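# Remarks on the overall topology
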Amino acid sequence: MWDNLNTKLKIFIINKNQAGNFGLIGWIVLLAIIFQSCNPTKYVPENKYLLNKNKLRVNKNKDIVKSEMRSYIKQSTNKEMLGIKFKLGLYNLSNLEKDKGINKWLRKIGEEPVIFDESMDRKSVQQLKSYLNRRGYFDAEIHDTVWYKKQKAFVQYQIHTNDPYKLRKISYDIQDQVLQPYIDADSANAILKTGDNYDVRSIDRERDRIETILRDNGFYDFNKAYINFIADSTGGEHLIDLKVIVKPYGSLNLTGQTSSGGFQKYRIKNVNIFMDYDPGEALKNPTAYYAGLDTTYYKGYSFTLKNKKPPLEYDVVLRSNYIIPGSLYRLVNIEQTKSHLGSLDMIKLVDVYFTRDPFVSYSDTGLKNLDCNILLAPNKLQSYSIELEGTNSSGNFGASVNLVYQHRNLFRKAEVFNLKLKNSFENVPSEVGKNGKMIELGLGADIVFPRFLVPFLKKEGFVKKYNPKTSLFTAYSYQRRPEYNRTMFTTSFGYNWQASKFVSHIFTPLDVNIVKLPFIDSAWAAHIDTTSYLAYSYKDAFIAGANYSMIFTNQTFREKMDYYYIRLNLSTSGNLIHAGNRLFNKNSYPDGNTIFGIEYSQFFMWDIDFRYHNVINESSSVVYRGFVGLGVPYGNSKALPFAKQYYTGGANDIRAWQVRSLGPGSYVQENTQFFNQTADMKLVANLEFRFDLFWIMEGAFFLDAGNIWAISKTDDREGAQFAFNTFLSEVAVGSGLGLRFDFSFFIFRIDLGYKLRDPGITEASKWVPFTSYRDMTLNLAIGYPF
């Protein structure tokens, strides 16, 4: 029954004293490396020079990006961070006369000195010239200058781009008249425009456009190799006449193509789907493998199987298939078929290939035939895993043991069923003088349907375009903390779909949470009763509403490049229940504002999380983050439920403050035994500079700013209310530095934050003078903060 056992080990436990010592040792090592990096020529041979600097200077030109040009310089200096060659310093710490032990390890993780090479310098000039020519700057001037000082070489490339060549005239020579109308019909989308700079990148994009248009109109044999360009610069100063040539069929002498006749369109004749394809067996003995397969015909398709029972229902596969018998061959249909079938968890591998039928054609249209073969390699049907993982909730460390069961084809329609049993504990601030640990037990289950479950709605077109999924989730958890015990029952029903390559949507029309607090410690109860807002927050709550999220990200994991991440969240609760109460006039009854004996919550919330990752070079980057959130209780609620309120501070927020110890506004809590500050509104901005150090170590400098504020008039905490004329004076500012240890399967992070500006200071100046370590906060965490 069980096909595999997958055990994940993701735990790293360390207390704060150990982490502090670990961090101190790290900084001592860093100082030693810095000292050695101050002597970079230590292991440079005589009569050789260390390539110390490699400067690139370009005259002002908004079309030329210096960072892009740097990739064409053939020889790079040793990696630097803030002017310090860390990896070279590591290498210099070793003893070259010893090949074992720590000396070998230091050379392995370090970087030997880069010796200046004159031949590489000449190649760099040639590469830079070639790049500028491709961008249309044929008259660009490149001057390289090299000077030497104390066994170091300094290189400077001075570039004057001068005026670019522009496109004066663009003409098309379509040498196969069959293709002419298709290319002409899409001319409005042409990439090349008269008056634009000559740019090989635009030419390549135009080549891709023509290929896509023709292959999406049935021309299976066509590819971009048939497209050539001729540039003529004799017609005028800095002007180019560009001719786009589309060659005739057969001119490339490709296998399977004759040298006579024009391009022909292809139509799909047969579609054969291999439901349980085994690539290993097919490669080992293809004749025996294919001879042992059986074929079934269903709705005009051939389904080929090795086993009698298919791993998926045929209709599930057809719903994700865009290659239809009798339809025109289109490249876009192939790409969508691969994408949608590949998104099914039950399918591990998808491949599509075509075979020609050269002897049969449609006599009325002259279309040739293609037979399509779709190969589907199924995944394991069931699995379970035991997960042992480290947890980090706002800097509080703990561990979790989870038993997870997964069925990838519950009803044979690619439904994925997950069942998770969770047992976790976590260190938390000892707010009531008891054992500061949180214990949680939970059981959760969810089913993901690879389709849009909406009754009474025609949705075939939507499914084909956006590949939506429907999810049903339910869970129960029991949480025991020093100050209270809490139980939570959750159930939700929602949809998610990919609107485009970069944009996805999540809509949950039903999201129910029932929160109960069966036990509250007397000391904690006395604390929350000091303000009416906290008293309202820590009540049993029935939260029933809807949520929507829109996520945009252009991050690609294959390349290290700049990217944005934006997430917008909207949620509301209690409106349907309240409308039902009004409809049945229940407000006149004592229990008119309850459901199942629990007060239901009414509120509206929205927040947006913005992040921008700016890659400076291969070893450093800057991350910008902004967060704005607002929750408004109304109707049946005087305060947001505690679980929905915003807080700040901690390892992933404003790191100079402990979690939940900052704000709201300029409010100063007299009883510092209880740090659990929350509110209705949150504004946070973060800036973090990240850089590689050596081995598995990374460094960071960060600046955090923000706070939380109250919106509800029932919040009587002094200074907590948000006001436009005072909120800037209530912004907290913290800074600090951090070390990160990348262990591949997780990142252990140490961030030391220092308070720069504290809104809780009663004096006119909120800026904090450096007095003692008490204004510093050590954060231990797993993973990046954002």
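A brief look at the structure comes next. (Residues numbered from 1 in each chain as written. Predicted model: local features only at pLDDT ≥ 70, side-chain atom pairs only at ≥ 80, totals over all residues. Heavy atoms only, no water.)

## Digging into the overall build of the protein chain
Within the protein chain one finds 15 helices and 30 strands. Here the protein chain holds 786 residues, and the buried ones make up 47% of them. Restricting the contact set of the protein chain to residue pairs at least 6 apart, pairs at least 24 apart contribute 66%. (Helix = DSSP H or I, 4+ residues; strand = E, 2+ residues; numbered from the N terminus. Buried < 20%, exposed > 50% of the residue type's maximum accessible area, 1.4 Å probe, protein only. Contact = heavy atoms within 4.5 Å.)

## Some points on the sheet that holds strand 3 (residues 141–149)
Strand order in this open sheet of three strands is 2-4-3, and the pairing throughout is mixed. Among the strands making up the open sheet, the edge pair consists of strand 2 (50–58) and strand 3. Strand-to-strand twist across the sheet, computed as the mean angle between neighbouring axes with direction ignored, equals 15 degrees. Across nine bridges, strand 3 lies against strand 4 (residues 152–160) in antiparallel orientation. (Pairing = 2+ DSSP bridges. Axes fitted to C-alpha atoms, helices over the stretch in contact; angles between N-to-C directions.)

## Focus on the sheet that holds strand 6 (residues 227–232)
Hydrogen bonds between backbone atoms are what pair the strands of a sheet, whose relative direction is either parallel or antiparallel. Spatial ordering of the open sheet is given by 5-7-6, a layout of three strands whose pairing is mixed. Unpaired on one side and paired on the other, strand 5 (166–174) and strand 6 mark the two borders of the sheet. Across this sheet, the average inter-strand angle for adjacent strands is 20 degrees, counted without regard to direction. The sheet contact formed by strand 5 and strand 7 (residues 239–246) spans eight bridges and is parallel. Note on strand 7: the bridge partner recorded for S171 is K243.

## A look at the pairing of strand 6
For a regular strand, side-chain orientation follows a simple rule: the groups alternate between the two sheet faces. Pairing analysis gives six bridges linking strand 6 to strand 7, with the strands arranged antiparallel. Looking at the pairing, I230 lines up with K243 of strand 7. The turn joining strand 6 and strand 7, which pair antiparallel and follow one another in sequence, is formed by six residues; a positive phi near 60 degrees is taken by H238.

## Considering a negative patch on the surface
Side chains of D139, E141, D163 and E237 sit close together on the surface and give a patch of like negative charge. Counting through the fold element by element, E141 comes out in strand 3. (Patch = residues over 30% accessible without salt bridge, like charges linked within 9 Å, V, L, I, M, F, W, Y side chains within 5 Å. Areas by Shrake-Rupley, 256 points an atom, 1.4 Å probe, with all protein chains shown as cover. Salt bridge = Lys/Arg side-chain N within 4 Å of Asp/Glu carboxyl O. Lys, Arg positive; Asp, Glu negative; His and termini not counted. Charge placed at Lys NZ, Arg CZ, Asp CG, Glu CD.)

## Quick look at the packing of helix 3 (residues 86–93) against helix 4 (residues 101–109)
Running from N to C, helix 3 and helix 4 point in directions that differ by 160 degrees, and their axes come no closer than 8 Å. Taken as axis vectors, helix 3 and helix 4 run roughly antiparallel relative to one another. Two packed elements cross with a definite hand, and for helix 3 against helix 4 that hand is left-handed. Taken together, the residues of helix 4 that come into contact with helix 3 (itself represented by K87, L90, Y91 and L93) are L106, R107 and I109. (Parallel < 35°, antiparallel > 145°, perpendicular 65-115°, else oblique. Left-handed = near helix turned anticlockwise from the far one by under 90°.)

## Observations regarding the packing of aromatic side chains
With the rule as written, the count across this model stands at 39 aromatic pairs. Their ring planes at 35 degrees and their centres at 5.5 Å tell us that F691 and F701 sit as a pair that is tilted. Of the two residues, F691 is situated in strand 26 (residues 681–694) and F701 in strand 27 (residues 697–709); the sequence distance between them amounts to ten residues. You can call F691 buried: its relative accessible area is 5%. Owing to a relative accessible area of 34%, F701 belongs among the partly exposed residues under this scheme. For the ring pair F722 and F724, a centre distance of 5.1 Å and an interplane angle of 80 degrees mean the geometry is edge-to-face. (Phe/Tyr/Trp six-rings, centres within 6.5 Å; stacked < 30°, edge-to-face > 60°.)

## Let's talk about the nonpolar core
Soluble globular proteins: nonpolar side chains tend toward being buried together. Core analysis: the largest hydrophobic core is formed by 30 residues, its most contacted members being I273, M275, I323, Y329, F354, I374 and L376. Sorting the residues of this core by element identifies strand 8 (266–274), strand 10 (301–305), helix 10 (314–319), helix 11 (331–342), strand 11 (347–361) and strand 12 (368–378) as the ones contributing at least two each. Setting aside anything within four residues of it in sequence, one finds I273 in contact with Y301, S302, F303, T304, V317, L318, I374 and L376. Formed by 22 residues, the second largest nonpolar core is a distinct cluster that contains Y198, I240, V244 and F263. (Core = buried A, V, L, I, M, F, W, Y, C linked by side-chain atoms within 4.5 Å.)

## Section: the pattern of salt bridges
Any two side chains of opposite charge can pair if their charged atoms end up close together. Summed over all chains, the structure comprises 27 salt bridges. The salt bridge involving K85 is made with E80; its shortest N-O contact spans 2.6 Å. Of the residues examined, E80 reaches a relative accessible area of 26% and is grouped as partly exposed. One network of salt bridges, in which partners are shared, links R655, E688, R690, D704, R740, R749 and D751.

The quantities given are spatial measurements derived from coordinates; they are silent on function.
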